[in-house]
Amino acid sequence: MEKTLIILKPDCMEKRLAGAVLDRFQKAGFDIVAAKLMQLNAELLREHYAHIADKPFFPALAEFMGSRPVLVVVLRGEGVIAKVRELLGPTDSTKAPKGTIRGDYGTDVSVNICHASDSPESAAAEIQRFFRAEEVFA
Ligand code: TYD
């Protein structure tokens, strides 16, 4: 069964929307198989965002992502990687349709409620980055 990693970002936590966002994923039929509250440090963020670490927006993004504890979760289910990204909507919340999570709750392209893995390869790497094997109940 497929697994994906999501991060409920600082804006999601500050707005107390963790339950609302997780509810959408659970109602879509996905199971929570790991969860952890973490404040992400600079080293972990550089690794997690290695593919965009040279972009001009990276320093502001890293500051935002490390600004308060976030909820890191592994979800499991059939087609969960693609389906979770579909439920989130596009990266830029201002372009995300109403009814998607970012369209309903997000602010802009950085402050966009939730991260989700974008492929089986990144899901595997991201789950390993944030959880020890025995912390994932699947
Ligand atoms: P990306 O992998 O393109 O999007 P997604 O989160 O939908 O997989 O970008 C990763 C994160 O980088 C995104 O969630 C927020 C941040 N970001 C910015 O802050 N500014 C930008 O212009 C872009 C493209 C991304």
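Before reading on, note that the structure itself is shown above.
Residues numbered from 1 in each chain as written. Predicted model: local features only at pLDDT ≥ 70, side-chain atom pairs only at ≥ 80, totals over all residues. Heavy atoms only, no water.

Some thoughts on the sheet that holds strand β4 (residues 114–116)
If you trace the 4 strands from one edge of the open sheet to the other, you get β2-β3-β1-β4, paired in antiparallel fashion. Each edge of the sheet is formed by a strand with only one pairing partner; in this case those strands are β2 (31–38) and β4. Across the sheet, the mean angle from the axis of one strand to that of its neighbour is 20°, orientation sign disregarded. Two elements, strand β1 (residues 3–8) and strand β3 (residues 70–76), share 6 bridges in a ladder whose sense is antiparallel. (Pairing = 2+ DSSP bridges. Helix = DSSP H or I, 4+ residues; strand = E, 2+ residues; numbered from the N terminus. Axes fitted to C-alpha atoms, helices over the stretch in contact; angles between N-to-C directions.)

Remarks on the site of the ligand
Contacts to the ligand come from K9, Y49, H51, I52, F57, L61, R85, T91, R102, V109, S110 and N112. In this structure, S110 approaches the ligand through a side-chain N or O atom, which is 2.6 Å from an oxygen atom. Take N112: an N or O atom from its side chain is 3.2 Å from an oxygen atom of the ligand. Summarising the interface, the protein chains cover 78% of the accessible area of the ligand, which totals 500 Å² for the free molecule. Looking at the shell around the ligand residue by residue, the class counts come to 5 nonpolar, 4 polar and 3 charged. (Near = heavy atom within 4 Å. Polar contact = N/O pair within 3.5 Å; in protein donor to acceptor, adjacent residues only side chain to side chain. Areas by Shrake-Rupley, 256 points an atom, 1.4 Å probe, with all protein chains shown as cover. Nonpolar A, V, L, I, M, F, W, Y, C, P; charged D, E, K, R; others polar.)

Describing the nonpolar core
The nonpolar side chains of a soluble globular protein tend to be buried with one another. Within the largest apolar cluster, 22 residues are counted, with the highest numbers of intra-cluster contacts made by L5, I7, L40, M65, V72, F130 and F131. Looking at this core, the elements that each hand over two or more residues are β1, β2, α3 (42–48), α4 (58–65), β3 and α7 (120–130). Per element, the largest residue contribution to this core is 5 residues, and it comes from α4. Among residues more than four places away in sequence, those in contact with L5 are V72, V73, V74, H115, A116, S117, E126, I127, F130 and F131. One finds V21, V73, I101 and A116 within the second-largest nonpolar core, a separate group that totals 21 residues. (Core = buried A, V, L, I, M, F, W, Y, C linked by side-chain atoms within 4.5 Å. Buried < 20%, exposed > 50% of the residue type's maximum accessible area, 1.4 Å probe, protein only. Contact = heavy atoms within 4.5 Å.)

Points about the side chain of S117
Among the structural elements, S117 can be located in the loop between β4 and α7. Residues contacting S117, with those up to four places away along its chain left out, are T4, L5, I81, R85, S122, A123 and E126.

Some remarks on the pattern of salt bridges
Once the charged atoms of two side chains with opposite charge are near each other, the side chains can pair. Taken as a whole and assessed by the stated rule, the structure comprises 10 salt bridges. E86 is the salt-bridge partner of K83, the closest N and O atoms lying 3.5 Å from each other. Of this pair, K83 and E86 both sit in helix α5 (residues 80–88), separated by 3 residues, roughly a single helical turn. For E86, a relative accessible area of 54% corresponds to the exposed category. Taken together, the salt bridges that share partners define one network made up of K36, R132, E134 and E135. (Salt bridge = Lys/Arg side-chain N within 4 Å of Asp/Glu carboxyl O.)

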